[in-house]
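# Working through the structure, step by step
Here is how the chains run, residue by residue.
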Amino acid sequence: MKRWVMLGLGVNAHAGVTLGLFGLPLVMPDVQRFFGVSLPVAGLIATAPAIGVLFALVPWGALADRRGERLVLGAGVGLAAVFFAGVALVSEIWAVMALLALAGAAGSAAMVGGGRIVLRWFEPPERGVAMGVRQVSYTLGMAVAAFVLPPVSRAYGLRGVLAVCAVVSLLAALLAALFLAGPPRRVAHGGAVAATASPYRQPALWRVHATSALQQVPQAVVGTYGVMCLVEVYGWDGVRAGQLFGVAAVGGAAVRVAVGRWSDRSGLRMAPLRRLTYCALVVLALLVAGAVTGSWLGPAMLASAAVITVAGNGLAYLAAGELAGPGWAGRVLGTHNTVQNVVALGVVPLAGLLIAEVGYWAGFAAGLLVALLSLPVIPVRGERSAHRS
C-alpha cells in the first residue's frame, strides 16, 4: 500500500507543475491577443517552459540517482512555483519567456523523480500499470488546466493563470518534501544491465529514444494547435475548445492505465507500442481529412488524437528506465525526456509556420508522416518479456 502512496505523491507533484509547464497552449488565443504577436511567436511564449526543461532534465536525473526523489521533487517543484509567481509580476515578453524557461528548468524535476519512484518501488510485472498511473499525472494536470485555465484567463488575464499555476505547484512541492520516502528495499530491476555499465551500449535504448522523438511530433502539433484549430476553423469558443481537450485528457488517463495493464499482462513494452502507433496513424489520417473538408471529423478526431498520440508514452519511458538499470535510471529518464522536449521545441514554431502558410491540415499531415516513419524504429524484434526477467 505504501508504494501506491509514494506513487501518488509523485503523480501529484507532476500533475501540479504540469499546469504551468504545458497548460499555456490551452490559452493560446489569449496569449496572442495579450501580446499582440503572430501565431508562431505566441506558440514560443506558450511553450517557453520547454526551453528550461531541455537543459535541466539530465542534471535533475543525476541528482535523483544520488540523493533520491524527495529532495528533487520538493526543491524543483517548489522553485517552479516561485518562478511562476515571478512571471505574474512582469509584462515584458523577454522577461516572461525567461522566467517561464526557469520555471520549466525547475519543474522538470517532477518528470524524472516520478519515473524513478515506479522503478524503485514496483516489481517488473506491476510496472506497466504503475507507469500508466504515473503518466496520468500529465493528463490529469492537462485536464485540470483545460477546465481551469481558460476561465481564469478570461476573468483575470494571464497573470491570474500564472498565479494559479504558482499556488498549485507550491502545494504539490510541500507534500512531496514532507512525505516522500525511499523504498525499504531495492526492487529487482528486471531486464536491466548492471548498474555500473553504461546502458547506451544497447542499441535498443537508442531506438527507444528515437521512437519517442518521432512520436513526439504529432503529439506536439495536436496539443499545441488543437485549440486554435477549433477556434479558427470551426468557430468554437476558446473555453469550450479547452473543455473538449480536458475531456480528452481524462479519457487519455484511463487509456494510459489500460495500456500499462496490457503491457504487464504481455510482459512486453514495445509490441503494444507498435499497435498503438497503427491506431494513431488511422486517427491522424481521419483528422487530416476532417481538417481539409471542415467536417465533423475534425473536432472528433482532434479529441481522439489528443488521446492516442500520448497513449504509448509510458511504455517507451518505462522501457528506457528498465534498460537503464538502477544506477542510471535518473540520467536515462532525463535524457529520454530531453530528447522529447528538443523535438517539441523545434516542432512548435515550424508547425506554426506551416499552419499559417498552408493550413491546419498540413500541420496534422506532417505529424502523420513522422508517426509513420517511427514504425520501423520501434525495437520490437528480440524484446524480452518482463515475466522472464
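So, here is what we can say about the structure in this document. Just so it is clear, the model here is predicted, and its values are computed rather than measured.

## Comments concerning the overall build of the protein
Along its length, the protein carries 15 helices and zero strands. Computed over the C-alpha atoms, the radius of gyration of the protein is 19 Å, within 12% of the 21 Å expected from 2.2 N^0.38 for a compact globule of 389 residues. The principal-axis extents of the C-alpha atoms in the protein amount to approximately 55 × 45 × 35 Å. Expressed as a percentage of its 389 residues, the buried residues of the protein come to 60%. Summed over all atoms, the accessible surface of the protein reaches about 14700 Å², with 68% contributed by carbon and sulfur.

## Quick word on empty space enclosed by the protein
Taken as a whole and assessed by the stated rule, the structure comprises five cavities of 30 Å³ or more. The computed volume of the largest cavity comes to approximately 730 Å³. The wall of the largest cavity is formed by 39 residues, among which F22, Y138, Q216, Q219 and V310 lie closest to the centre. Broken down by secondary-structure element, the contributors of at least two residues to the lining of the largest cavity are α1 (2–22), α8 (124–179), α9 (203–232), α10 (238–266), α13 (313–324) and α14 (329–357). Per-element tally for the lining of the largest cavity: the top contributor is α14, with seven residues.

## Topic: α8
Taking 1.5 Å per residue as the helical rise, α8 with its 56 residues ought to reach 82 Å, whereas the 25 Å between its terminal C-alpha atoms falls clearly short. Approximately 130° is the largest bend angle found in α8, and it occurs at Y156.

## Some words on the packing of helix α5 (residues 69–87) against helix α6 (residues 93–107)
Following both chains from N to C, one finds α5 and α6 inclined at 165°, their axes separated by 7 Å at the closest point. Here α6 runs roughly antiparallel to α5, going by the angle between their axes. Considering how the two elements wind past one another, α5 and α6 form a crossing that is left-handed. On the side of α5, the interface is formed by G76, V77, L79, A80, F83, F84, G86 and V87, while α6 contributes V96, L99, L100, L102, A103, A106 and G107.

## Observations concerning the pattern of salt bridges
Following the criterion strictly, the structure yields nine salt bridges and no others. We note a salt bridge from E69 to R120, for which the minimum N-O separation is 2.8 Å. Of this pair, E69 sits in helix α5 while R120 sits in helix α7 (residues 109–121); the two residues are 51 residues apart in sequence, bridging distant segments of the chain. Taking the relative accessible area as the measure of exposure, R120 reaches 28% and is therefore partly exposed. Each of D65, E69, R116, R120 and R331 takes part in one network of salt bridges that share partners.

## A short note on α10
Over its 29 residues, α10 runs 41 Å from end to end, which matches the ideal 42 Å to within 8%, given 1.5 Å per residue. Structurally, the start of α10 carries an N-cap: the backbone nitrogen of V239 is 2.9 Å from a side-chain oxygen of D237. Count one or two residues on from α10 and you reach G267, which has phi positive near 75°.

## Concerning the environment of G251
Along the chain, the position of G251 falls in helix α10. Along the sequence, G251 and L297 sit 46 residues apart, while their C-alpha atoms lie 18 Å from each other.

## As for the side chain of T309
Secondary-structure assignment places T309 in the loop between α12 (297–308) and α13. Within polar-contact distance, the side chain of T309 engages the backbone oxygen of A305 at 2.6 Å.

Cut-offs and rules
- Residues numbered from 1 in each chain as written.
- Predicted model: local features only at pLDDT ≥ 70, side-chain atom pairs only at ≥ 80, totals over all residues.
- Heavy atoms only, no water.
- Helix = DSSP H or I, 4+ residues; strand = E, 2+ residues; numbered from the N terminus.
- Rg over C-alpha atoms; globule rule 2.2 N^0.38 Å.
- Buried < 20%, exposed > 50% of the residue type's maximum accessible area, 1.4 Å probe, protein only.
- Areas by Shrake-Rupley, 256 points an atom, 1.4 Å probe, with all protein chains shown as cover.
- 1 Å grid on protein atoms, 1.4 Å probe; cavity = no way out; pocket = protein on both sides within 12 Å on 5 of 7 lines; lining within 4 Å.
- Points joined across faces, edges and corners; volume = space filled by probe spheres on them.
- Expected span 1.5 Å × (residues − 1).
- Bend = angle between axes of the 7 residues up to and from the residue.
- Axes fitted to C-alpha atoms, helices over the stretch in contact; angles between N-to-C directions.
- Parallel < 35°, antiparallel > 145°, perpendicular 65-115°, else oblique.
- Left-handed = near helix turned anticlockwise from the far one by under 90°.
- Contact = heavy atoms within 4.5 Å.
- Salt bridge = Lys/Arg side-chain N within 4 Å of Asp/Glu carboxyl O.
- Polar contact = N/O pair within 3.5 Å; in protein donor to acceptor, adjacent residues only side chain to side chain.

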